[in-house]
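Understanding the architecture of this molecule
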Amino acid sequence: MATTATTAPAPAPVLDPVEYGRIGAAQSAAQRRHELAAFLRSRRERISPEQVGLPVTGRRRTPGLRREEVAQLATVGVTWYTWLEQGRDIQVSAQVLHSVARALMLDPTERAHLFVLAGSEDPSPVVECSTVTPAIRLLLTQIDPMPAAVLNNRYDVLAYNRPYTWIVGDLDELPFEDRNLMWLLFTDSFFQRSLVDLDEARTSMVARFRAAMADHGAEPAWKTLVARLRQASPEFEAVWQQHEVAGLGNGLKRFLLPDGGLLRFEYTNLWLGPRLGPRLVAYTPQDDETRRRLEALATLSRAGA
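In what follows, the accompanying structure is described. Source: prediction; values computed, not measured.

About the thresholds
- Residues numbered from 1 in each chain as written.
- Predicted model: local features only at pLDDT ≥ 70, side-chain atom pairs only at ≥ 80, totals over all residues.
- Heavy atoms only, no water.
- Helix = DSSP H or I, 4+ residues; strand = E, 2+ residues; numbered from the N terminus.
- Contact = heavy atoms within 4.5 Å.
- Axes fitted to C-alpha atoms, helices over the stretch in contact; angles between N-to-C directions.
- Parallel < 35°, antiparallel > 145°, perpendicular 65-115°, else oblique.
- Left-handed = near helix turned anticlockwise from the far one by under 90°.
- Nonpolar A, V, L, I, M, F, W, Y, C, P; charged D, E, K, R; others polar.
- Pairing = 2+ DSSP bridges.
- Core = buried A, V, L, I, M, F, W, Y, C linked by side-chain atoms within 4.5 Å.
- Buried < 20%, exposed > 50% of the residue type's maximum accessible area, 1.4 Å probe, protein only.

**Let's talk about the side chain of Arg 279**
Following the sequence through the fold, Arg 279 ends up in strand β5 (residues 279-285). Those residues in contact with Arg 279 that lie beyond four places of it in its chain are Ala 149, Val 150, Leu 151, Asn 152, Asn 153, Tyr 155, Leu 248, Asn 269, Leu 270, Trp 271 and Leu 272.

Written as structure tokens, this is what we have:
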């Protein structure tokens, strides 16, 4: 009886660590250039010729400035700027980036974002540490009844106290990957339902997230979160496509709770190490009414414990 010979499939090529690193670096650089191209287009399209002192000539098919007008304002070649906005792999000096930032009227946060995307960031970026020490956990407990949590710059909630669950919801009931304020803000959650100024919070948080992501664009955790949000929320997709960036800062938030009424807070970021690392966010009452309602919630919580 004849037998049929079979040939074993050839083994997949194995890359050595050096070559693997080169491929990863190339993919990361290409992604940065793609993001840079989209960011430049979005900044160019928001500026009218009148804003920069240019005459309006002829009918414009697209909003904002033309590429040649940006090149003129930045005193760089039209071809070179076109290549930059197309995401081509070209060398960019700090002086030229400064000129482009000035021509596009970028604010300090947007200018820093431009430099990072162009590959001019710190060659030794700070590595974020997600460790929450016992001392930090004790501090969270001592802040009670003021809500407080430890977040990283991806908005993952790393630790929190009991009052924080009054405004965000019971995080213990959620899978680990859903304990993220970006996810809770754009999907059906207690946090989304209780936050009064929802649209404003979404716009500002996405802008801050995008600015932070410039240093982490090739990391799987960041890419996975963005992909999940884009698939789950058309609202996120719309805000994401605006390419706004903003720096972290303190501010005000209002929550309307079923058992607590309207609470007005001033939130403060307290960095636990390098500025780009984890931070403790504390919510302090903005008025006496909020303070009284927090005390009432604390009493209710102790009674139900």
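Let us keep going from here.
**Quick notes on the packing of helix α10 (residues 198-213) against helix α11 (residues 220-232)**
The description of two packed helices rests on the angle between their axes and on the distance between the axes. Running from N to C, α10 and α11 point in directions that differ by 150°, and their axes come no closer than 12 Å. Taken as axis vectors, α10 and α11 run roughly antiparallel relative to one another. The handedness of the crossing between α10 and α11 is left-handed. Between α10 and α11, the contacting residues are Phe 209, Ala 212 and Met 213 on the first element and Trp 222, Lys 223, Leu 225 and Val 226 on the second. For the contact of α10 with α11, the per-class residue count stands at 6 nonpolar, no polar and 1 charged.

**Structural notes on the pairing of strand β2 (residues 157-160)**
Sheet analysis places strand β1 (residues 148-151) next to β2, joined by 3 bridges and oriented antiparallel. Within the sheet, the bridge partner assigned to Val 150 lies in β2 and is Ala 159. Counted along the chain from β1 to the antiparallel partner β2, the turn is 5 residues long, and its residue Tyr 155 has a positive phi close to 70°.

**A few points about the nonpolar core**
Membership of the largest hydrophobic core comes to 41 residues, with the highest contact counts inside it found for Tyr 164, Leu 181 and Phe 209. Here this core takes 7 residues from α10, the largest share from any one element. What Phe 209 contacts, discounting residues up to four positions off in sequence, is Arg 154, Tyr 155, Met 182, Trp 222, Leu 225, Val 226 and Trp 240. With 26 residues, the next largest nonpolar core counts Ile 47, Leu 65, Tyr 81 and Ala 214 among its residues.

By themselves, these figures tell us nothing about what the structure is for.
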